[in-house]
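Okay, here's what each chain looks like letter by letter:
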Amino acid sequence: MQRSNIFDYKHYFFFKIAVVVILLAFIAYLAFEPPLGHYGGSWLGYILGIISALLVFWMTWYGIRKRRYRGSGATQGWLSAHIYLGTALTVLVTLHSGFNFGINIHTLAYGLLLIVVISGFFGNYTYMIYPRQMTENMGEDNLDGLLLRIADADKLARQIALIMPDDINNTVSRACSETAIGNGLLEQLRGYQPNCPTANAVAQLTLMGKDLPSDQRKPYRELYSIMVRRLSLVKRVRQDLMYRARLGFWLYFHVPFTIALLVAMMTHIIAVFFYW
Amino acid sequence: MKPEHFSIIIIGAGPSGLSAAVRAAQQNVSYLLLEAAAEPASTIRNYLRGKLVMSEPRALPLRSPLPFTASLRENVLETWERTIAEHHINVRYGAKVIDIIRSEQWLEIELADGTKLTADDVVLAIGVQGNLRKLDIPGGNLPQIQYQLDDPLAYQDETIVVIGGGDSGVENALALTGRNQLMILNRAEDFSNCKEGNLNQLTDARKRGALDWLLETKPQAIEINTSGEFPITVFAKTPKGVERIPCHRVIARLGALPSRPLLESFGVSFPTTDLAALPLLSTHYESNVPGLYIIGALAGYPLIKQGINQGYEVIEYILGNQVEPADTALLRDKFSSFCNDRSVDDVLEKIRKSVPLLKMLSALQLRELVLESNILLPEPGETIFNRNDYSTTFFFIVEGELDVLIDEDDIPDAALKAGEFFGEMALISGRRRSGTVRTKTRCVLIETPRRAMQKLIGSVQSMRRMLDEVAIKTAVHIGIGLSLSEKDLNDIASNASLKNYAAGEELFHEGDEADGLYLIQRGSVTVSHMIGGREVVLFYLAAGHYVGEMSLVSGEPRYATVRAAIETQAVLIEASRMRDIIAHNPKIRSELDARYLKHLQEQENRQQMEVVQESGGTLSQQLSPTSLISFLIQQGVGEATDVLLIDESLCIRCNHCEQACADTHGGATRLDRDTGPIFANIRVPTSCRHCEHPHCMKDCPPDAIHRAPHGEVYIDDSCIGCGNCQVNCPYDVIQMAVVHDQPERSLWQVMLGIQPKTAAKIDGPKVAVKCDMCKDIADGPLCVRACPVGAALRVNPEALLSYASDASGEAILMGSDEV
Ligand SMILES: Cc1cc2nc3c(=O)[nH]c(=O)nc-3n(C[C@H](O)[C@H](O)[C@H](O)COP(=O)(O)OP(=O)(O)OC[C@H]3O[C@@H](n4cnc5c(N)ncnc54)[C@H](O)[C@@H]3O)c2cc1C
Ligand code: HEM
Ligand code: SF4
Ligand code: SF4
C-alpha cells in the first residue's frame, strides 16, 4: 500500500530543504575564500558554526518533543526533518571546520557528532528493515500471547512427563527450566541460545521414544508434539526479542553520545571565545 | 380454597417494585410484593461486586420513600434491605409469577409453585433482565450449579463445566482459564454465535490446552459423587454417545427468556412485531389489560431513579390521586423559554397538534419524546446543520419555515414548513447529512436524539411508515431527481419499494434481468464480477449511491453481482418506471449515460489489474485489491466511518501511539496496538471504528454515547458503568476503566523520564472508555501524530476502499500530515 514514510514525508519536503542547505553551504564555501583560509573563525566559519550549533540543539529537542504528546503537529514530520537536517548538519559542521582537524576538544566534538550521526543512520536502517520481518515472524500473535502459550505448554509437558521414564522426565524439565529467552542484551541481539535445551530436548526425545511400552506411546507422542511446539514458540519469541533489541540498541549510542556531544560542543564554544 | 386477595399486588422487588411497595405500605392499603428470587433486587445484586451504582439522570428529582443515591452496590442493597425491614414490607420471596388472568372481578395471579392469588390492581415491575433459563434436567438444582459468575478469581484448581456456547458462557469460561480446567458444552455445532474476539480467544485457549469443548452436546443429568476428588458428575449426550464428566462445579449460561412472550401471555398487547417495541401504556402506566400497570425497565425506562419515581406514582394513580409526575419539573424547565405562560400539558398538546407525525404518539410517548429532546428557537438565517455533518438527531418543526440546500450552490432546493420534520436521512443511513438546513423565519424546533427516535420507530407502526415514505422521496430526490418535477417525484416515490438485505445477501446477480435501480439508503454494497472463474470485487459503494443503472441504460442483463457488505437497506425503483423517466427527462438520461461510461472505463481498468495480479504469483495475489477489500470488509470497515490502521512494515513497536493516548485520556489507552488481524502488512488494531450505526449505543441506559458532528462516537460523563456497550460492540474496543486526570509532564520530567505522581489513586468508579478520536484536542488524533514513523494512520473507509479498488492508485490514505 502506498503511503508516506519518514523519507518521502510531504513529498520529500525536508530532503529538498537539506539539499538546498547543503548546496548553499558548498557554494558559499567555494565562492568566498576568506583571507586566512577556511577555518571556524572566519566569518563564513562563524555563520556555519552558529547554524550548526543551533541545529544540534534542535536535533536534541526531538527526543523531548516526541514525548510531549500534547504538542501540535506530527512526530513523523519531526523525525523526517531530524534525519535530513541531521545529515545536512554534518556537512555544515565539516565545512565549518574547514578540514582543520587535530587532537583537541574541537575535533573531539566533531568525532562525537560523527558517532551520533552514524548511529542515527544505522538506526534508520533498522527501522527500514526490521518491522517487516517482525510482522512475518509474529503474524497476528503478540509477545505476551506467545509467552503465555509457552507457559501453558510447560505446564502440560511437565504433567505428561511425570508418568514417563526418568530420562524423558529430566530432559523435559530441564528444557522447561533452563531454556533462556532473551537474558541480557547480547543474547537478545543475537537471537538464539547456543545449545538451546529445548532444541536439545526435541532432538533427544526423538531418540528416546523408541522402546517405550505401548501404553506410554500415546502420551509420548503428545509430549513430543508439545515440545516441538514449544521449540517453535521459543524461536519465535527470541526472534521477536532480537528485532526489538536491534531496533533499540543503537539508541544506546545515539543518546549518550548526544549528551557527550552537547558537553563537548559547549566546551568547544567556550574555549573558542576564551582564546579570542 | 379461595385464593388470598389483596388490593394491590406488586410483582418484582427491583427498585421500581420496592418503591411501589414502600409507598403502598405508607398509604396503608392491603398489598403484597412478590419476588421470584430469594432476595430483593436481583438485577442490582448481579452487578459486579463493588460497582458504583449511579443515579442518572442527575437533573431528575427523586420522589419516593425508597432512598437512593449514587453509592456502592453493597450500600444500595443494604439501604434497601433496611427500608424493607423498617416498613415491614409484606413481601414473599421465591414467588415467581407465571400467569396473570383478567377476570370479571379482579386479576388472578398464578405462581410457579401453583399458589393462586387475586388482586384489584397489579403492578408489574419485573425488569428486562428476563428470567435466566435454568437447567431442566435431573440434578439441575444441586448447589454446585450456578447461573452467574460474580468473581472469577474466587475459583482455583477446579474442574468446571460451562454449559452454553453463547458469549456469556464463553466469557465466563475464558475468565476462569489459567487457574482452572474448563470444559464447555455447546448445543450447537460451532461457536458461530459468539463475538469474533471471544471466538479467537477461545480457539487460542484450546490450542494452549487451557480449555476444551464438546459440540452438539446436551447435558442429561447431574449426579452427586459419594467419593473421589470430584463432587459431581455431568452426564452429557454427545454425537458419539453419553459422556461422563466428573467436575467440581457447573456454570450454566443458557440465556434469558425475553419478557415479551410472557407479557403477551398476560394479554398485554404490543403495537408492532418489532422485538424492541414497548407495551402501550396510558399516562398512568396502565396497560391494555385493565388494572394491570407496568413500570420500570419493563415499561422502557432503563434507569433506577426513573423506576423508583414510577413506583411511587403508580400507587398514587391506583389510589386515585392525581400526582404530577416527577419529570414534569424537567419539562417545565425545557419550556421555560417557549410558551412559559401555559401549563406543561397545554404546551404538550400544542406541540402534538402542530406536528402530524406526533399525533400518532400516545400521551406518554410524546411526553417521553419531549423529555429526551431539546427545544430550539433559532433566528432567521441560522444554520441547523450543514451538509456533510455527522449529526444524527431528528427535527420536528413546530413553528416557522426552513430551506434545504442539497447541492453546492446557495439556492434552496426544497422548503420545509411547520408540521413537517427533517433529518430522517442521516437517521436512516448513519452517514453524513445529505444537505444543509437553514431557517427562513424564526422557528420552534424539537431536536430529538437518535435513540429516542429509534425507540419510537420500533413501537409506532404508522410513524415508521410515514418516515419511510418521506425517506424514499428524499432518496429519489437527492439520488437522481434534483431536476424532476414535483409530480414525477411523487409518482416515482409512491411506486418505489424499500428492500432490506442481511450482510452478504445479494441485491442482484450477474446475468439477471435488470429489475430496476437501487438507491442505497443504509449500509453499503460491493459490486463484483466473475473474472477467470474467480469473483473479483470491482467497487465498494456506501449509502447515498445507487447501483443497477448500467443494465437500465444498456438494456443488457446484469453485468455484475451486487452484494450487501453489511446490513443494508435500498430503495428499488422498478425498471419500467425508470425507463419511462429516462425517456421523459433528457437531463437524467445524460447523467445516467455519463455514469455508465465512467463505470465501464473503471471496470476495464480494474479488470486489467486483476489479470496482471493473477499472473503475478502468490505475493501479489495476496495484495490484490479484491482480497484487501474483502479483508477490510470482514473487519467491519464497511460499517465504519473512521478506522485506525497500522502499517506493520513501518511500525517500530515503540508504543508511542498507546502511550500518547493514555497520557491524554485519563491514563487508559483506548487502542491496543498489537492485537487485531493483519493482512498484507496492514493491521486493524483493536480500536473504535466509529460505526455508522454504532452497536454500542443500542442499550445504553443513560444514553451516554453520542456522535459528534465530525463523526466521532464518544461516551460522555453520564456513563453509569453498566457494561452494556462493552458487550454490544462487536469489535471489543470498549473497556471498563477508572479514569484519572493525567497532569501534563513538565520539561524536566520528560527529560529525566519521571512519571508525574497522580493524586493518590482514589478508586473511582469504573466507566466505559473508548476512542473519541481526540475530538477535544486541537490538531486531531494523537495516536497518529505521536507515531514517529508514520505507521499509524486513520482512514475514512470509503476513501480506503475506493483506494483499494482504484486502478489509478491515487493514494487517498490520510497520513499524519493530513489529519
Ligand atoms: C450491569 C448493569 C449496571 C447498571 N447500572 C446502573 C446504574 O449504575 N444506575 C442506574 O440507574 N441503572 C443502572 N442499570 C439499570 C438498572 O439496573 C435498571 O434500570 C433497574 O434495575 C430496573 O429496575 P426494575 O425494578 O424495573 O427491574 P429489576 O431491577 O430488573 O427488577 C425486577 C425484579 O423482578 C424479579 N422478577 C423477574 N421476573 C419475575 C417473575 N416472573 N415473578 C416474580 N418476580 C420476578 C426479578 O428477580 C427482579 O428482582 C444497570 C443495569 C445493568 C445490567
Ligand atoms: C547532531 C546530530 C543528532 C543529534 C543530536 C541527535 C539526537 C537525537 C535524539 C536526542 C534522539 C531521541 C532519542 C530518543 O529519545 O528516543 C534521536 C533519535 C533519532 N535520531 Fe538522531 N540525532 C542526530 C542526528 C541524527 C541523524 C543524522 C540521523 C539519521 C540519519 C538520526 C536518526 C535518528 C533516529 C532514527 C532517531 C529515533 C527516532 C525515534 O525512534 O523516535 N539522528 N536523535
Ligand atoms: S465502540 Fe464498537 S460499536 Fe461503538 S462505534 Fe466503536 S467500533 Fe462501533
Ligand atoms: S507509534 Fe507508530 S511505530 Fe510506534 S508502536 Fe505505534 S504504530 Fe508502531
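Residues numbered from 1 in each chain as written. Chains lettered and ligands numbered in written order. Predicted model: local features only at pLDDT ≥ 70, side-chain atom pairs only at ≥ 80, totals over all residues. Heavy atoms only, no water.

Colleague: Where do I start with the overall build of chain A in this structure?
Modeller: Along chain A, the regular secondary structure elements total 10 helices and zero strands. Moving toward the C terminus, one meets the helices and strands of chain A in the order α-α-α-α-α-α-α-α-α-α. Expected size for 276 residues packed as a compact globule is a radius of gyration near 19 Å; at 28 Å, chain A overshoots this value by more than 25%. Its C-alpha atoms give chain A principal-axis dimensions of about 95 × 45 × 35 Å. Considering only intrachain contacts with a sequence separation of at least 6, the fraction spanning at least 24 residues in chain A is 77%. Surface exposure of chain A reaches about 14,600 Å², of which carbon and sulfur atoms provide 67%. (Helix = DSSP H or I, 4+ residues; strand = E, 2+ residues; numbered from the N terminus. Rg over C-alpha atoms; globule rule 2.2 N^0.38 Å. Contact = heavy atoms within 4.5 Å. Areas by Shrake-Rupley, 256 points an atom, 1.4 Å probe, with all protein chains shown as cover.)

Colleague: What is the right way to read the overall build of chain B from this model?
Modeller: From N to C terminus, chain B includes 25 helices and 43 strands. For 819 residues, the compact-globule estimate of 2.2 N^0.38 gives 28 Å, and the C-alpha radius of gyration of chain B, at 29 Å, lies within 12% of that figure. Overall, chain B is about 85 × 75 × 65 Å in size when its C-alpha atoms are taken along their principal axes. Burial analysis of chain B (819 residues in total) assigns 54% to the buried set. Relative to all contacts within chain B whose residues are 6 or more apart in sequence, the contacts with residues 24 or more apart total 67%. Per element, the accessible surface of chain B, about 35,300 Å² overall, is 50% carbon and sulfur. Taken together, the 79 basic and 108 acidic charged side chains of chain B have centroids lying 3 Å from each other. (Buried < 20%, exposed > 50% of the residue type's maximum accessible area, 1.4 Å probe, protein only. Lys, Arg positive; Asp, Glu negative; His and termini not counted. Charge placed at Lys NZ, Arg CZ, Asp CG, Glu CD.)

Colleague: So what exactly am I meant to see when it comes to the sheet that holds strand β30 (residues 516-522) of chain B here?
Modeller: Sheet strands line up and pair through hydrogen bonds in the backbone, either parallel or antiparallel. All names here are of chain B. Taken in spatial order, the four strands line up as β28-β35-β30-β33 in an open sheet, and their pairing is antiparallel. Looking at the sheet topology across the chains shown, the edges are occupied by β28 (497-501) and β33 (546-547). Along the sheet, helix α17 (residues 575-584) contacts β30 and β35 (568-574); its crossing angle with β35, the most-contacted strand, is approximately 60 degrees. (Pairing = 2+ DSSP bridges. Axes fitted to C-alpha atoms, helices over the stretch in contact; angles between N-to-C directions.)

Colleague: Would you mind going over the site of ligand 4 with me for this structure?
Modeller: Around ligand 4, a shell composed of I646(B), C651(B), I652(B), R653(B), C654(B), N655(B), H656(B), C657(B), R673(B), C787(B) and V789(B) is seen. A per-class count over the shell around ligand 4 returns seven nonpolar, two polar and two charged. (Near = heavy atom within 4 Å. Nonpolar A, V, L, I, M, F, W, Y, C, P; charged D, E, K, R; others polar.)

Colleague: Looking at this structure, how should I read helix α11 (residues 363-372) of chain B?
Modeller: Given 3.6 residues per turn, any residue in an α-helix points the same way as the ones three and four places further on. Residue and element names in this part refer to chain B. Among the 10 residues that make up α11, eight are buried, leaving the element largely enclosed by the rest of the structure. Inspection of α11 places L364, Q365, L366, R367, E368, L369, V370 and L371 among the buried residues, and these make up the whole buried set. The elements touched by buried residues of α11 are α8 (328-334), α9 (344-354), α10 (356-359), β22 (394-399), β27 (444-448) and α13 (450-459).

Colleague: What should I look at first to understand the site of ligand 3 in this one?
Modeller: Around ligand 3 sit 13 residues, and of these C688(B), C691(B), C696(B), C729(B) and K770(B) come closest. When its residues are assigned to classes, the shell around ligand 3 shows nine nonpolar, two polar and two charged.

Colleague: Is there a simple way to think about the coordination of the iron atom of ligand 2 in this case?
Modeller: Ideal coordination angles are 109.5 degrees for a metal with four donors arranged tetrahedrally and 90 or 180 degrees for a metal with six donors arranged octahedrally. All names here are of chain A. Around the iron atom of ligand 2, the donor atoms from the protein are H82 (NE2) and H254 (NE2), and they sit 1.9 to 2.0 Å away. Considering all six donor atoms around the iron atom of ligand 2, the spread of angles at the metal, 84 to 178 degrees, places the coordination shape in the octahedral class. Of this pair, H82 sits in helix α3 (residues 75-97) while H254 is found in helix α10 (residues 251-274), placing the two residues 172 residues apart along the sequence. Neither residue differs from the other here; H82 and H254 are each classed as buried. (Donors = N, O, S within 2.8 Å, 3.2 Å for Na, K, Ca; no water. Tetrahedral: all angles 85-135°; square planar, octahedral: opposite > 155°, others 65-115°.)

Colleague: Got a minute to help me understand the environment of L366(B) in this structure?
Modeller: Its place among the elements puts L366(B) in helix α11. Sequence separation between L366(B) and L650(B) is 284 residues; the distance between their C-alpha atoms is 55 Å.

Colleague: Would you explain the confidence of the model for chain B in this entry?
Modeller: Detailed reading of predicted coordinates is not advised where the pLDDT is low. Residue and element names in this part refer to chain B. A residue-level look at chain B finds 91% of positions with pLDDT of 70 or above and a mean pLDDT of 83. Predicted confidence in chain B is weakest over helix α19 (residues 617-623), with a mean pLDDT of 41, and strongest over strand β2 (residues 31-34), with 96. Across residues 614-622, where pLDDT falls below 50, the model places nine contacts with residues more than four positions away in sequence or in other chains. Here residues 806-819 scores under 50 on pLDDT; set against residues more than four positions off or in separate chains, the count is 33 contacts. This prediction of the complex comes with two scores: 0.73 for pTM and 0.89 for ipTM. (pLDDT = per-residue confidence, 0-100.)

Colleague: Help me out: how do you make sense of helix α2 (residues 43-65) of chain A in this one?
Modeller: Taking 1.5 Å of rise per residue, the 23 residues of α2(A) would be expected to cover 33 Å, and the 32 Å separating its terminal C-alpha atoms lies within 8% of that figure. Of all the positions in α2(A), only L44(A), G45(A), L48(A), G49(A), S52(A), A53(A), L55(A), V56(A), M59(A), Y62(A), I64(A) and R65(A) are classed as buried. (Expected span 1.5 Å × (residues − 1).)

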